[in-house]
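So the chains spell out like this:
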Amino acid sequence: MRIYQEADYDAMSRRTAAIIAAEVIRKPDCVLGLATGSTPVGSYRQLVAWQQEGLLSFGTVTTVNLDEYRGLGPDHEQSYRHFMRVNLFDQVDIRPDRTYLPDGLAADPEAECRRYDALVESLGGTDLQLLGMGHNGHIGFNEPGTAFIRETHVVDLTRSTIEANARFFQKKEEVPRQAITMGVGTIMSARRVLVAVSGADKAEAVRRAFCGPITPEVPASILQLHRDVVLVGDVAALSGMREEGVFQ
Ligand code: GLP
């Protein structure tokens, strides 16, 4: 695993964006696995700036997002499709028909999950998968549990995730209780995984993910088995790993 320790959120964002940009420049028709949450916002902002400066193009890039809330349509302000449009898709030269997310309104969610896995496979898999991390070690919406779930699936969000996401909604009752998420099998099949973390509140989750046992109780811990993980964090988020003596 390669670790980049950056001074703060802005430096972490710039480094994360640089690694994504390198992939896009190296392979202009790459498949990027993208993530939502507050962590990648700064990286997307940087990518937008670089694209607008003409340093890179998303013209032949395809994207597949990790997850989507169940019950929220693409025009709902808190849907992940909307998030991606506002933070990246509408501001760069990507083709909208090359941007994929699970359909949160699918009448048959199980069929939607199968469709999504088949889609990722038909694209030849993901070249670079960007991940944030939940406070409980979740990736995408793979919540702590008793087993790792390979395929895309419908998930009941945990109380801690609902509370963490409540800040984006007017009322806590409006936070969706379910989501459709890529499973850890699809995430692990990405050729490279890029994990971005920021803030002291993530330090314990990061420590448990990379220094503790591999267990479905900490879904991100499965990444220890991936052969090409790049971890980019600010000093605060990496403090737990530093205490373990992994690096200075
Ligand atoms: C949500 C998303 C995850 C994300 C996590 C952390 O649960 N499904 O993909 O990593 O939030 O979000 P933040 O970056 O805002 O801490």
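Residues numbered from 1 in each chain as written. Predicted model: local features only at pLDDT ≥ 70, side-chain atom pairs only at ≥ 80, totals over all residues. Heavy atoms only, no water.

Enquirer: Is there a simple way to think about the sheet that holds strand β9 (residues 192–197) in this case?
Expert: Adjacent strands of a sheet form backbone hydrogen bonds with each other and so pair up, either parallel or antiparallel. Taking strand neighbours across the sheet as the criterion, the 7 strands line up as β1-β10-β9-β6-β2-β3-β5 in an open arrangement whose pairing is parallel. At either end of the open sheet lies a strand with only one pairing partner, and these are β1 (2–6) and β5 (99–100). In this sheet, β9 lies alongside strand β6 (residues 128–131) in parallel orientation, the contact comprising 4 bridges. The partner of Leu128 across the bridge, within β9, is Arg192. (Pairing = 2+ DSSP bridges. Helix = DSSP H or I, 4+ residues; strand = E, 2+ residues; numbered from the N terminus.)

Enquirer: Can you walk me through the site of the ligand in this structure?
Expert: Surrounding the ligand, one finds 13 residues, the nearest of these being Ser38, Thr39, Asp67, His138 and Lys202. Within the backbone of Met133, an N or O atom sits 3.3 Å from an oxygen atom of the ligand. With the chains in place, 94% of the 390 Å² that the ligand exposes on its own is no longer accessible. Split into classes, the residues belonging to the shell around the ligand amount to 3 nonpolar, 7 polar and 3 charged. (Near = heavy atom within 4 Å. Polar contact = N/O pair within 3.5 Å; in protein donor to acceptor, adjacent residues only side chain to side chain. Areas by Shrake-Rupley, 256 points an atom, 1.4 Å probe, with all protein chains shown as cover. Nonpolar A, V, L, I, M, F, W, Y, C, P; charged D, E, K, R; others polar.)

Enquirer: Would you mind going over the side chain of Thr16 with me for this structure?
Expert: The topology assignment puts Thr16 in helix α1 (residues 9–26). On the basis of relative accessible area, Thr16 is assigned to the buried category, the value being 0%. Aside from chain neighbours lying at most four places away, what touches Thr16 is Ser43, Leu130, Leu194, Ala196 and Val232. (Buried < 20%, exposed > 50% of the residue type's maximum accessible area, 1.4 Å probe, protein only. Contact = heavy atoms within 4.5 Å.)

Enquirer: Can you help me understand the pairing of β9 in this one?
Expert: Two faces, one strand: in a regular strand the side chains alternate between the faces of the sheet. Across the 6 residues of β9, 5 count as buried, placing the element largely inside the fold. As paired elements, β9 and strand β10 (residues 229–234) share 5 bridges and run parallel to each other. Residue pairing for β10: Val193 is matched across the bridge by Val229. Between β9 and its parallel partner β10, the chain crosses via helix α7 (residues 203–211), and the hand of that crossover is right-handed. (Right-handed = clockwise from strand over helix to strand, strands pointing away.)

Enquirer: Explanation requested: the side chain of Thr39 in the structure shown.
Expert: Here Thr39 is to be found in the loop between β2 (31–34) and α2 (41–52). Given a relative accessible area of 9%, Thr39 falls into the buried group. Those residues in contact with Thr39 that sit more than four places away from it in its chain are Tyr9, Met12, Ala196, Val197, Ser198 and Lys202.

Enquirer: Whenever I open this one, the environment of Tyr9 confuses me. Can you help?
Expert: Secondary-structure assignment places Tyr9 in helix α1. A relative accessible area of 25% places Tyr9 in the partly exposed class. Put simply, Tyr9 and Ser43 are 34 residues apart on the chain and 9.6 Å apart in space, counted from C-alpha to C-alpha. Dropping the residues within four chain positions of it, Tyr9 is found in contact with Ser38, Thr39, Pro40, Val41, Gly42, Ser198 and Asp234.

Enquirer: What is the right way to read the packing of aromatic side chains from this model?
Expert: Here the distance between the centres and the angle between the planes together describe a pair of aromatic rings. Here the structure, examined in full by the defined rule, presents 4 aromatic pairs. When the ring of Tyr69 is compared with that of Tyr80, the centres are 4.8 Å apart and the planes differ by 40 degrees; the resulting orientation is tilted. Of the two residues, Tyr69 is situated in strand β4 (residues 67–69) and Tyr80 in helix α3 (residues 80–87); the sequence distance between them amounts to 11 residues. When the centroid spacing of 5.9 Å and the interplanar angle of 15 degrees are considered together, the rings of Tyr80 and Phe141 count as stacked. (Phe/Tyr/Trp six-rings, centres within 6.5 Å; stacked < 30°, edge-to-face > 60°.)

Enquirer: Just to check I follow, could you spell out the packing of α2 against α3 for this structure?
Expert: Geometry of a packed helix pair, given as the angle between the helix axes and the separation of the axes. For the pair α2 and α3, the least separation of the axes is 10 Å and the interaxial angle reads 40 degrees. Overall, the two elements α2 and α3 adopt an arrangement that is oblique. Listed contacts from α3 to Val41, Tyr44 and Val48 of α2 are Phe83, Met84 and Asn87. Broken down by class, the residue content of the contact of α2 with α3 amounts to 5 nonpolar, 1 polar and no charged. (Axes fitted to C-alpha atoms, helices over the stretch in contact; angles between N-to-C directions. Parallel < 35°, antiparallel > 145°, perpendicular 65-115°, else oblique.)

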